[in-house]
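Close look at the chain arrangement
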Amino acid sequence: MPTAAVTVTAAGDHSNSLIGLLFITLTLLTLGYGVGCWLWPFAACTRCKGSGKRRSPFGRAFGDCRRCDGTGKSLRIGRRIINSLRELHDKGTR
Ligand SMILES: [Zn+2]
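Scope of this entry: the structure provided in the associated data block. For every chain, the first residue of the written sequence is number 1, and numbering continues from 1 onward in sequence order. Under the rules for a predicted model, residues below a pLDDT of 70 receive no local features and side-chain atom pairs below 80 are neither given nor counted, while totals for whole chains, interfaces and linings still include all residues.

1. Re the overall build of the protein chain
Our working rule: Secondary structure is summarised from DSSP: a helix means a run of H or I of at least four residues, a strand means a run of E of at least two, and numbering begins at the N terminus for each. Neighbour density around each residue's C-beta defines its exposure: 20 or more other C-beta atoms within 10 Å make it buried, 12 or fewer make it exposed, and counts between make it partly exposed, where C-beta atoms are placed from the backbone. For every residue pair, C-beta atoms are placed from the backbone, and the pair is scored as a contact if these atoms sit within 7 Å.
A count of helical and extended segments in the protein chain gives 2 helices and 4 strands. The order of helices and strands in the protein chain, counted from the N terminus, is α-β-β-β-β-α. Classification of the 94 residues of the protein chain by burial places 7% in the buried group. Taking the intrachain contacts of the protein chain between residues at least 6 apart in sequence as the baseline, contacts between residues at least 24 apart amount to 45%.

2. Let's talk about the environment of leucine 39
Relative to the helices and strands, leucine 39 resides in helix H1 (residues 2–39). Accessibility expressed as a C-beta count within 10 Å gives 8 for leucine 39, which makes it exposed. For the pair leucine 39 and arginine 79, spaced 40 residues apart in the sequence, the C-alpha separation amounts to 9.4 Å.

3. As for the environment of cysteine 68
Among the structural elements, cysteine 68 can be located in the loop between strand S3 (61–64) and strand S4 (73–75). Residue classification places cysteine 68 among the buried positions, given that 20 C-beta atoms sit within 10 Å. Along the backbone, cysteine 68 and alanine 44 are 24 residues apart, and their C-alpha atoms lie at a distance of 9.3 Å. Those residues in contact with cysteine 68 that lie beyond four places of it in its chain are Cys45, Cys48, Gly52, Lys73 and Ser74.

4. With respect to unusual backbone geometry
The phi dihedral of lysine 49 is positive, around 55°, even though this residue is not glycine. Within the secondary structure layout, lysine 49 lies in the loop between strand S1 (42–44) and strand S2 (53–55). Its 12 C-beta neighbours within 10 Å are what place lysine 49 among the exposed residues. You will see that aspartate 69, though not glycine, has its phi angle at about 55°, which is positive. Relative to the helices and strands, aspartate 69 is located in the loop between S3 and S4.

Structure below.
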């Protein structure tokens, strides 16, 4: 039955290309995220929403945010990974 054989092969190719497409998409997303973390290493601090100030329950700002030391920025997770990878690399070459 040549027809059935062709159908099976076609189905196999289809799932293979789907996995390949998924793999490429994931790779691109990871790369894009990595580049994004490289270009913009800082994200707005989650605690003070980027203001760098600590807020009282009454909405008045007082003192610097402890999480970001008043900068209003926090290092993104991806950049932390890049930094630790770079540290590992530096240790290896020394
Ligand atoms: Zn903060």
